[in-house]
Amino acid sequence: MIRLEKRPDPSRGWSLATPVVAVLATMLAGGLLFAALGKDPIVAIRTIFWEPLFGEFSFYYRPQLVVKGAPLVLIAIGLSLGFKAGIWNIGAEGQYIIGALTGAGVGLAFYPTESVFIFPLMVLAGALGGWAWAMIPAILKTRFGTNEILVSLMLVYVAEQLLASMSLGLLKNPEGFGFPGSRNLQQYDSAHNAELIAGSGLHWGAAAALIAVIFAYVLVNKHMTGFHIRLTGDAPRAARFAGVSPARLVLFCLGISGALAGLAGLFEVSGPAGVVSIDFNVGYGFTAIIVAFLGRLHPVGILLAGALMALTYIGGDIAQSNLGLPSAAIQVFQGMLLFFLLAFDVLTNFRIRLGASEVA
Amino acid sequence: MSDVLLSLKGLTKAYPGVVANDQVSFDIGVGEVHALLGENGAGKSTLVKMIYGLVKPDSGMMELNGRAFAPAEPRAARADGIAMVFQHFSLFDALNVAENIALGMENPPKMRDLASRIKSVSENYGLPLDPFRTVGDLSAGERQRVEIIRCLLQDPKLLIMDEPTSVLTPQEVEILFQTLRKLKAEGTSILYISHKLEEIRSLCDFATILRLGQNVGACVPRDTSARDMAEMMVGTALKTPERAGRELGPVALSIRGLSVPAPSAFGTALKDVTLTVHKGEILGIGGVAGNGQDELLSVLSGEVLCAPGEVLLHGDAIGQMNPTKRRKLGVLAAPEERLGHAAAPDMSLTENALLTGSVRQGLETRGMIHWSRAKEFAEAVIAGFDVRTPGPGNAARALSGGNLQKFVIGREVLQDPDVLVVNQPTWGVDAAAAAAIRQSLLDLAAKGAAVICISQDLDELMEISDNFAALNEGRLSAPRSTQGLSVDEIGLMMGGAHGMEVAHV
């Protein structure tokens, strides 16, 4: 009989090893899945993990990794702060959309004026938009005790409707021959989030993601606010005893994660995407939840997890086009990653005992 | 008492890093009340769990009525006539008495039959209990009756009781003892675990003493003094807290007409509480658990706010201040619940030192934490209060209850408070450590701090406090000097037998 025994101290070794073990287990189980679909598992795994980095066309894929990874990391960093405290912002996707709308809206309002102040203003507006959207569940929670998971999630669908309405109405390109979607910000220099180094994929969003990683690391490890966040997650009563105000913490965590998601949306719409369109959002806000947990809610872990997630996205795309793998198989593959991570994570706090039953 | 019911022979159980029981052997006779004594971590719980089938011994054997006895699980132990009343009740507040009892049975009879059996058994043993009352409305003493009756319905040959009197008033203890004596007269054996040596002297026929997992001796409690027993448990001579003659200074903290609604459905509302504590005074607050102790501490620590003027520190209103501001002013607290309230289980001792020490110990500047200073503070607490742990990097949950309690109290005492509020400062702590904690509270008062000590251990309160008041259903009695206060008077202040019917045995 197999049973789990709680460790007196969390295992540091397992805490570091679980992401690696989870990736290996995903490769194994994913390989079996691909084999069952009649593909060579080794080629498939190699295509997903190797091809984007070192393959023939890696000069094209590598910048893509940064473009895909940056918003994931930026959003996940914000989410991880709340998750540590047991405050569940599931609606980053909505905050991402609103950030893109407010940011792009400010930029388009100045069109065609050229000024160096326009882009910083857009950044500010994007962050404020995401923050404001996250304040809705935050205030409802602190005032009326509503569940932030439900409210933030439902606001994603409201944001999607707003996005559709904006791209068909207020923000529609007047010179767009009636097609839905805004002017292309890539063609408006003052508002364009261009690559900082040509061909590298590094735009301001990537820089912001790196800054966020450092900021979060300092906050969590060196600052009382971070300490209070961790304390609230571990023992809410002890946090109150320590003098933490739960309501202020909810406002802070949801606010930060909303602002960072809004920033990610702004950098995306003014850079890689270029236009506000109905299908602007592609699920970064949801995938960032996986990234946050894959990175064990640790800033550096999230940076690595964001890179890994971007890799499976791009590798998955290559595998679809080169090997003809169905997209569902790639999604299952990505799902396995989270599943194995959570499964192996149990070993951080528990050890497995084989044999006779016993309660300690 | 000549026949042996249960015989333990060389029971050994080791956990990683510690031998909980090492070659423990003793016999429990038929109809004997057998006390099991020992400090925290002496291995009492492990031993009892082996008898009850929760833990399997590594080696050694047990014999029940002369036959080998090795229960694989509690169900098997129950089938052989072993019953246990745990220290912490496992009852559902929202269900009634009969439903709670039915939940623990293999094949519960019809509710009506069960109710009548509960009634007859409870009256038979002098523990009247209405089977249809909701458990959430019962006092701690009545809840314990539910647990005892649950055991008695199985007709046990051996009843194991773990710290049964910690939640009872003196009058309730007397009712319980009458029941236990009746059980004993009927031939039921009782294995009785308690820290309260005077109780053991009045109730038990025989005592086995464990220290560090080994059986270090036995005695007949009636013929042994409490002090001798305590010294056998600890293995060294015991220090009694010294109480220097104290002069009370001016009023440090006062509460005036404080009323606070119950924080939850099964919490207690505070009703018109008034108290004053002077510099250099220890005010003892007694009362049965669940009569507003937690709530009173929360109001003083700042976790629950009240009207500004209801709590005064040196005459200034602090009722609206949060815990951080109060700490700055010197009002510190140590709550009863160690894991989850006073300390965060998964955090290290350094982090737990920072939890309340950040303000007064200068462990932060403008929010940035000085980890090295926090570590030094944690090390100071560990050294000053003899906390046994490999180091400040260990998680709080890895410490034994007694050691964590020493850490929690030490953390506040070392911050040099003006007013310190503690709830159950020595709960579950062994005799030597309890004496050290009490001494530290006395020293603090001698230095001029005001101490409010909330406790259910009356002996403790009599030993250290200058004045005594009791909480009963959220009301605080008028304080009285502890000099010349009798146990009966205390019992009445605590609300007598708490509305429970007196036994008719």
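Please read all numbers here as calculations on a predicted model, not as lab measurements.

Attention shifts here to the overall build of chain A. Along chain A, the regular secondary structure elements total 14 helices and two strands. Here chain A has a C-alpha radius of gyration of 22 Å; the compact-globule value for 360 residues is 21 Å, and the two agree. C-alpha atoms of chain A, sized along the principal axes, occupy 75 × 55 × 35 Å. Split into buried and exposed, the 360 residues of chain A put 50% on the buried side. The long-range fraction of contacts in chain A, counting pairs at least 24 apart against all pairs at least 6 apart in sequence, stands at 76%. When the accessible surface of chain A is split by element, carbon and sulfur atoms take 68% of a total near 16,100 Å². Taking the average place of the 21 positive charges on the side chains of chain A and the average place of its 18 negative ones, the gap between the two points comes to 13 Å.

As a further point, take the interface of chain B and chain A. Between chain B and chain A, the contact holds 40 residues from the first and 27 residues from the second. Interface of chain B and chain A: buried area, both sides summed, is about 2,800 Å²; carbon and sulfur atoms make up 55% of it. Here Glu351(B) ties to Arg230(A) by a salt bridge, and the two come within 2.5 Å at their closest N and O atoms. In this assembly, chain B and chain A are joined by 11 residue pairs in polar contact (both at pLDDT 80 or more). Of all elements in the fold, only β1 (4-15), α9 (293-301), α10 (323-329), α11 (349-357) and β18 (368-369) of chain B reach the threshold of two or more residues within the side of chain B that touches chain A. With four residues, the single largest contributor to the side of chain B that touches chain A is α11(B). In the side of chain B that touches chain A, the residues fall into 19 nonpolar, eight polar and 13 charged.

Residue and element names in this part refer to chain B. Pairing is mixed across the open sheet formed by six strands, whose spatial order is β6-β7-β8-β3-β9-β10. Taken across any chain shown, the strands that pair with only one partner, and hence form the sheet edges, are β6 (82-85) and β10 (214-219). For this sheet, the mean angle separating the axes of adjacent strands, direction not counted, is 20°. Pairing of β6 with strand β7 (residues 158-162) involves four bridges; the strand directions are parallel.

The next thing to look at is unusual backbone geometry. The step from Tyr111(A) to Pro112(A) runs through a cis peptide bond, and the omega angle for that step is 5°. Here Pro112(A) is to be found in the loop between α5 (92-110) and α6 (118-144). In the Ramachandran plot, Gln23(B) falls in the positive-phi region, its phi being about 55° despite a non-glycine side chain. Mapped onto the secondary structure, Gln23(B) falls in strand β2 (residues 18-29).

This part is about the packing of helix α5 (residues 140-152) of chain B against helix α6 (residues 170-185) of chain B. Residues and elements named next belong to chain B. Interaxial distance between α5 and α6 falls to 11 Å at its minimum, and their mutual angle equals 10°. By the criterion of interaxial angle, the relationship of α5 to α6 is roughly parallel. From α5, Gly141, Gln144, Arg145, Ile148 and Leu152 reach across to α6, where they touch Glu172, Ile175, Leu176 and Leu183. Each residue belonging to the contact of α5 with α6 can be placed in one class, and the counts come to five nonpolar, two polar and two charged.

Moving on to the environment of Thr169(B). Residue and element names in this part refer to chain B. With respect to the helices and strands, the residue Thr169 is situated in the loop between β7 and α6. Note on Thr169: relative accessible area 0%, which makes it buried. It is 25 Å that separates the C-alpha atoms of Thr169 and Ala94, two residues lying 75 residues apart in sequence.

A separate point is the side chain of Thr426(B). Residue and element names in this part refer to chain B. Locating Thr426 in the fold gives a position in the loop between β19 (419-423) and α14 (431-446). With a relative accessible area of 9%, Thr426 lands in the buried category. Engagement of the side chain of Thr426 in a polar contact is seen with the side chain of Glu460, the distance being 2.3 Å. Apart from the residues lying within four places of it in its own chain, the contact partners of Thr426 are Ala434, Ile437, Arg438 and Glu460.

Let us now look at the side chain of Ser358(B). Structurally, the position occupied by Ser358(B) is in the loop between α11 and β17 (364-365). In this structure Ser358(B) comes out as buried when scored by relative accessible area, which is 6%. Setting aside chain neighbours within four positions, we find Ser358(B) in contact with Met224(A), Leu363(B) and Glu364(B).

Regular strands place their side chains on alternate faces of the sheet. Residues and elements named next belong to chain B. With six of its six residues buried, strand β3 (residues 33-38) lies for the most part within the structure. Here β3 shows two buried faces, one formed by Val33, Ala35 and Leu37 and the other by His34, Leu36 and Gly38. In this sheet, strand β9 (residues 206-211) lies alongside β3 in parallel orientation, the contact comprising five bridges. Across the sheet, residue Leu36 finds its bridge partner in β9, namely Thr208.

Here is what the cut-offs are and how they apply
Residues numbered from 1 in each chain as written. Chains lettered and ligands numbered in written order. Predicted model: local features only at pLDDT ≥ 70, side-chain atom pairs only at ≥ 80, totals over all residues. Heavy atoms only, no water. Helix = DSSP H or I, 4+ residues; strand = E, 2+ residues; numbered from the N terminus. Rg over C-alpha atoms; globule rule 2.2 N^0.38 Å. Buried < 20%, exposed > 50% of the residue type's maximum accessible area, 1.4 Å probe, protein only. Contact = heavy atoms within 4.5 Å. Areas by Shrake-Rupley, 256 points an atom, 1.4 Å probe, with all protein chains shown as cover. Lys, Arg positive; Asp, Glu negative; His and termini not counted. Charge placed at Lys NZ, Arg CZ, Asp CG, Glu CD. Buried area = accessible area lost by both parts, 1.4 Å probe. Salt bridge = Lys/Arg side-chain N within 4 Å of Asp/Glu carboxyl O. Polar contact = N/O pair within 3.5 Å; in protein donor to acceptor, adjacent residues only side chain to side chain. Nonpolar A, V, L, I, M, F, W, Y, C, P; charged D, E, K, R; others polar. Pairing = 2+ DSSP bridges. Axes fitted to C-alpha atoms, helices over the stretch in contact; angles between N-to-C directions. Parallel < 35°, antiparallel > 145°, perpendicular 65-115°, else oblique.

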